[in-house]
Amino acid sequence: MSNKPKKSAAVIKEQRAAYIFLIPAFLGLSLITYIPLLAAFGIGFTDLKVGHFMPNTPLAPPRFVGLDNFVNIFKNPSINFQNSIWVTVYFALFAVVSSVIYSLFIAMLLNRKMPGRGFFRSIFYIPYILPAAAVIISWHFLLIYDGGVINHVLVQLGFERSFFLDSKSTVIPTLVLIAVWQCGNLIVIFLAGLQNVPRVYQEAAEIDGASAWRRFWTITIPCMTPIIFYNVLMSLVANLQIVVPALARTRGGPGKATMFMTYMMYQEGFRGGQLGTASAIAAVFFIIAAILAFILFKTSKSWIFYEGGEQK
């Protein structure tokens, strides 16, 4: 016989109410996320085209083609999918590392007591809420080779002009710089985490004569590792999905240096009408993102510190 205590009528009523209120969330996840995700995977195994949705088109009904779309994106030299994978992952990892280091540094400065602290916090957060397309276009005008403000300043300081967004060697670092400038959300999260670092640890280290650098590495960083993990994960997911710079300015260039996987999906699906090919690219993109996230979660156990010494 089971020794589990019977649930009271009030508990059962609360659970029933909770399930009812969760129905909209489940419907939203199913209709907006899970079903479209499964549909995208399924379309990747067909030759579906945009023309199939057009009335009075001579196209034959879409047919199952197996792995042909997946093989084609890797073997077709006009697509050059390997380059797209490299460009996307390179940008994402570069942007994640730069954004996390920069945002933690700024958060530590903003956590200090100083006049106008609230004003400076707002200044660093504002770039995050600006429209992404407007940001890219504005930076484009600042970075123009002839007449751009930044190149003008470089010349005045004795440096040579740079093509920035128009050169294969500088376009990714330039886009990373813009992404770092927009990481106000990471700064806010780090700032909240810094305010929760136990002050008693800092005071004990000060009494023992530990320097500020020593306290930073042995107290602040370990206590901040769960926040660092969260920011790295969120930044990785966001930067892997980069598409606005290519749509608003670079168009995948120069020399396919910004042909990100998301932009390639747009090119194949909406410009080329090849929905099957675009879905195959999306499926591979999903797998790559999942692998990177899995690696991050798998390695996190060795470096995330939880108060009390427990590893989660």
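Residues numbered from 1 in each chain as written. Predicted model: local features only at pLDDT ≥ 70, side-chain atom pairs only at ≥ 80, totals over all residues. Heavy atoms only, no water.

(A) Spotlight on the packing of helix α1 (residues 9–43) against helix α13 (residues 275–300). Closest axis-to-axis distance for the α1/α13 pair is 7 Å, and the angle between their directions is 120°. In terms of axis orientation, α1 runs oblique to α13. The interaxial crossing formed by α1 with α13 has left-handed handedness. Contacts between α1 and α13 involve Leu-37, Ala-40, Phe-41 and Ile-43 from the first element and Leu-275, Gly-276, Ser-279, Ala-283 and Phe-286 from the second. Partitioning the contact of α1 with α13 into residue classes produces seven nonpolar, two polar and no charged. (Axes fitted to C-alpha atoms, helices over the stretch in contact; angles between N-to-C directions. Helix = DSSP H or I, 4+ residues; strand = E, 2+ residues; numbered from the N terminus. Parallel < 35°, antiparallel > 145°, perpendicular 65-115°, else oblique. Left-handed = near helix turned anticlockwise from the far one by under 90°. Contact = heavy atoms within 4.5 Å. Nonpolar A, V, L, I, M, F, W, Y, C, P; charged D, E, K, R; others polar.)

(B) Main features of the pattern of salt bridges. Throughout the structure, instances matching the rule amount to four salt bridges. The salt bridge involving Asp-47 is made with Arg-63; its shortest N-O contact spans 3.5 Å. With Asp-47 in the loop between α1 and α2 (68–75) and Arg-63 in the loop between α1 and α2, this pair connects stretches of sequence that are 16 residues apart. For Asp-47, a relative accessible area of 19% puts it in the buried group. Overlapping salt bridges, with partners in common, bring together Arg-199, Glu-203 and Glu-206 in one network. (Salt bridge = Lys/Arg side-chain N within 4 Å of Asp/Glu carboxyl O. Buried < 20%, exposed > 50% of the residue type's maximum accessible area, 1.4 Å probe, protein only.)

(C) Structural view of the packing of aromatic side chains. Applying the stated rule across the entire model yields 18 aromatic pairs. With a centroid separation of 5.7 Å and an interplanar angle of 50°, the aromatic rings of Tyr-125 and Tyr-128 are classed as tilted. On the criterion of helical spacing, the pair formed by Tyr-125 and Tyr-128 is a turn pair, its members being three residues apart in helix α4 (residues 117–129). Judged by its relative accessible area of 39%, Tyr-128 falls in the partly exposed class. One aromatic cluster is present, built from ring pairs that chain together Phe-45, Phe-64 and Phe-70. We note Arg-161 situated over the ring of Tyr-145; from NZ or CZ to the ring centre the distance is 5.9 Å. (Phe/Tyr/Trp six-rings, centres within 6.5 Å; stacked < 30°, edge-to-face > 60°. Lys NZ or Arg CZ within 6 Å of the ring centre and 35° of its normal.)

(D) Broad picture of helix α12 (residues 261–271). Residues Met-261, Thr-262, Tyr-263, Met-264, Met-265 and Gly-269 constitute the buried set of α12. Buried-residue contacts for α12 involve α3 (81–110), α10 (212–240), α11 (244–250) and α13. Gly-273 lies just past α12 and shows a positive phi near 75°.

(E) Broad picture of the layout of surface pockets. Approximately 630 Å³ is the volume found for the largest pocket. What lines the largest pocket is a set of 15 residues, and nearest its centre among them are Met-108, Asn-111, Arg-199, Gln-202 and Thr-220. Looking at the lining of the largest pocket, the elements with two or more residues in it are α3, α9 (199–207) and α10. By residue number, the principal contributor to the lining of the largest pocket is α10, which donates four residues. Grouping the amino acids of the lining of the largest pocket by side-chain chemistry returns seven nonpolar, four polar and four charged. Space inside the second largest pocket adds up to approximately 510 Å³. Lining the second largest pocket are 22 residues; nearest its centre among them are Phe-91, Ala-179, Gln-182, Ala-238 and Asn-239. In the lining of the second largest pocket, the residues fall into 16 nonpolar, six polar and no charged. (1 Å grid on protein atoms, 1.4 Å probe; cavity = no way out; pocket = protein on both sides within 12 Å on 5 of 7 lines; lining within 4 Å. Points joined across faces, edges and corners; volume = space filled by probe spheres on them.)

(F) The arrangement of a nonpolar patch on the surface in detail. On the surface, a cluster of nonpolar side chains totalling about 820 Å² of accessible area is made up of Met-114, Phe-119, Phe-120, Ile-123, Ile-126, Tyr-128, Ile-129, Leu-130 and Trp-181. Sorting elements by how many residues they give to the nonpolar patch places α4 first, with six residues. Counting through the fold element by element, Phe-120 comes out in helix α4. Overall, Phe-120 belongs to the partly exposed group, its relative accessible area being 35%. (Patch = residues over 30% accessible without salt bridge, like charges linked within 9 Å, V, L, I, M, F, W, Y side chains within 5 Å. Areas by Shrake-Rupley, 256 points an atom, 1.4 Å probe, with all protein chains shown as cover.)

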